Amino acid sequence: MPLFALVDCNNFYASCERLFRPGLKGRPVVVLSNNDGCVIARSNEAKALGIPMGAPAFQWEHVFRRQGVAVFSSNYALYGDLSARVMRVLEEAAPAVEVYSIDEAFLDLSGVQEPESFCRELRQRVTRHTGIPVSVGLARTKTLAKLANRHAKKQPTTGGVFDLAALPDPEALLAATEIGDVWGIGPRHAKRLAARGVATALDFIRLPRDWVRKAMTVVGMQIHMELCGISCLSLEQAPPPRRSVLCSRSFGQLIRDREHLREAVCSFAARAAEKLRAGGLDAQAVQVFALTPRHREELPQHQGQATVTLPCPTDHSPDIVTAALRGLEQAFCEGFAYQKAGVQLLGLTPSASRQASLLDLPPEQRQRRRALMDVLDLVNRRHGRHALRLALAAAPERPWHMRQHRRSPRYTTSWDDLPRVGE
DNA sequence: TCTGGGGTCCTAGGACCC
DNA sequence: TCTGGGGTCCTAGGACCC
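Being a predicted model, the structure only gives us computed values, none of them experimental.

A. Spatial organisation of the pairing of strand β10 (residues 281-291). Burial analysis of β10 places 9 of its 11 residues in the buried class, the great majority of the element. Where β10 lies against strand β13 (residues 349-350), 2 bridges are found, and the strand directions are antiparallel. Bridge pairing links Asp282 to Thr349 in β13. Taken together, the 8 bridges between β10 and strand β11 (residues 303-314) define a ladder with antiparallel strand orientation. When the sheet's bridge partners are listed, Ala290 is paired in β11 with Gly304. In this sheet, strand β12 (residues 338-346) lies alongside β10 in antiparallel orientation, the contact comprising 7 bridges. Residue pairing across strands places Ala285 opposite Leu346, the latter belonging to β12.

Below, the structure written as structure tokens:
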């Protein structure tokens, strides 16, 4: 019988911000999304103030001020680095680890004696080595381990570790879990299920599996089985190959002007191409989209989108930018005020296995193009992401660039931002 | 004034081929 | 009057996750 543990960092981004500012201990902390748009992480104190996940920041500004909430723009350089440290501790301690997201990992503890005390020891180890608090849920399936983890987080009596597999009556926990809180059940399915009288995870497992399969596809059926203790999802230690690369942003102010949108799309395409090369991949197609604001019904709405297929797979920034701008010509409509745009690269294949094609350039020209991209990436790695950019790409001082007024220093990834002790 | 960004998977339906 | 069938590939849309 398999045994899974889910290790999840508590309020991860908020915990990261607190790490180098001991003065924030016990104070409410929130972290905002890109563009300082909405709340994406909250310390327990912030949760206690009733600030919901996803809350638009501007609506809560008065609470932030009145309650002395420490507010941060998101600082992914910091979170990514601390995440890697947490994962390293897990990998050193556990036999098999699947890094599931920036703040979560599944462990396979099938052969481990005394799994619960193993997890308690592991939990302390992570805190000792990284300063990040974590919770651990144990169960026979990944979906149940998620549930166990929620319980470990919410119930202080668990001491941050909860073993559902050792419980004599696991149905009690299912009965206490709202269906929308089950991993894989989103708001749409929760609503449909509610209409059928399903309020809890226990109600759900009592539905006939055939019905679930029909109404919620094989994905729903797997959730059903996993909640019943039948493991369908295995530990994935090697990350699956990427299928797409996306770069999109909301703008600090609406864009009506075609030229400005071209600049933005050019920057996004160039950034997407960098990510592509970093992963050693080529793209076969470039998709561009431009959207008007979702929450402004008084404005005319438009969702423009176009896909351009490349003559042959490439990771060359100018090719990708050119294709993106062609796509934009189709997606863009004069007279609308756009709030967000993006470039997505599709049909990814490893550059190493690139097929020779009749449309390919002669070898010496290919080498020159390759060398150019190598230099571009090298300079930008050494001197910052915008050090070298294509002529069409937006200058960083454009007014519609995203807002990030409250970003903390890059304490762990930038020499200039190292925390100072004893000042 | 102000509501994120980056991913995955599944299915249905159309195009296309033989 | 009557107009095949089966397979594959691609895409769009929907749903979900963190």
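Here the narrative resumes.
B. Looking closely at the protein's contact with DNA strand B. Surrounding DNA strand B, one finds 24 residues, the nearest of these being Leu246, Ser248, Ser250, Arg294 and Arg296. Here DNA strand B approaches the protein such that, of its atoms within 4 Å, sugar and phosphate make up 74%. The contact in question runs from a phosphate oxygen of DNA strand B to an N or O atom on the backbone of Arg243, over 3.0 Å. Here a phosphate oxygen of DNA strand B and a backbone polar atom of Ser250 are 2.4 Å apart.

C. Just the protein's contact with DNA strand C, in detail. Around DNA strand C lies a shell of 13 residues, among which Ser101, Lys146, Gly184, Arg188 and His189 are the nearest. Among all atoms of DNA strand C positioned within 4 Å of the protein, those belonging to sugar or phosphate total 100%. Measuring from a phosphate oxygen of DNA strand C, one finds a side-chain N or O atom of Lys146 at 2.5 Å. Between DNA strand C and the protein, one listed contact pairs a sugar or linking oxygen with a side-chain N or O atom of Trp183 at 3.2 Å. In terms of residues, the surface near DNA strand C owes the most to one element, helix α8 (residues 187-195), which gives 3 residues. When grouped by side-chain class, the residues that make up the surface near DNA strand C number 5 nonpolar, 4 polar and 4 charged.

D. Structural detail: helix α11 (residues 258-278). The terminal C-alpha atoms of α11, which comprises 21 residues, lie 30 Å apart, in line with the 30 Å expected from a rise of 1.5 Å per residue. With 15 of 21 residues buried, α11 is to be regarded as a mostly interior element. At the N-terminal boundary of α11, the capping side chain belongs to Asp257, with an oxygen 2.9 Å from the backbone nitrogen of Glu259.

E. Quick peek at the packing of helix α4 (residues 76-93) against helix α5 (residues 115-130). Interaxial distance between α4 and α5 falls to 10 Å at its minimum, and their mutual angle equals 140 degrees. The two elements α4 and α5 cross, and the hand of that crossing is right-handed. Between α4, through Arg85, Val86, Val89, Leu90 and Ala93, and α5, the contact on the second element is made entirely by Phe118, Leu122, Arg125, Val126, His129 and Thr130. Residue composition of the contact of α4 with α5, by class: 7 nonpolar, 2 polar and 2 charged.

F. Structural detail: the nonpolar core. In this structure, Phe12, Leu90, Leu107 and Leu109 are the most contacted members of the largest nonpolar core, which totals 36 residues. In terms of residues, this core owes the most to one element, α4, which gives 7 residues. Apart from residues no more than four positions distant in its own chain, Leu90 is found in contact with Val7, Val97, Ala105, Leu107, Leu122 and Val126. Core analysis: the next-biggest nonpolar cluster, separate from the first, contains 35 residues, Cys247, Cys266, Ala273 and Ile320 among them.

G. Region of the structure containing the domain arrangement of chain A. As far as domains go, chain A holds domain 1 (4-8 + 98-122 + 133-228) and domain 2 (245-393). Computed over C-alpha atoms only, the centres of domain 1 and domain 2 are separated by 39 Å.

Basis of the calculations
- Residues numbered from 1 in each chain as written.
- Chains lettered and ligands numbered in written order.
- Predicted model: local features only at pLDDT ≥ 70, side-chain atom pairs only at ≥ 80, totals over all residues.
- Heavy atoms only, no water.
- Buried < 20%, exposed > 50% of the residue type's maximum accessible area, 1.4 Å probe, protein only.
- Helix = DSSP H or I, 4+ residues; strand = E, 2+ residues; numbered from the N terminus.
- Pairing = 2+ DSSP bridges.
- Near = heavy atom within 4 Å.
- Polar contact = N/O pair within 3.5 Å; in protein donor to acceptor, adjacent residues only side chain to side chain.
- Nonpolar A, V, L, I, M, F, W, Y, C, P; charged D, E, K, R; others polar.
- Expected span 1.5 Å × (residues − 1).
- Axes fitted to C-alpha atoms, helices over the stretch in contact; angles between N-to-C directions.
- Left-handed = near helix turned anticlockwise from the far one by under 90°.
- Contact = heavy atoms within 4.5 Å.
- Core = buried A, V, L, I, M, F, W, Y, C linked by side-chain atoms within 4.5 Å.
- Domains from an automatic or database assignment.

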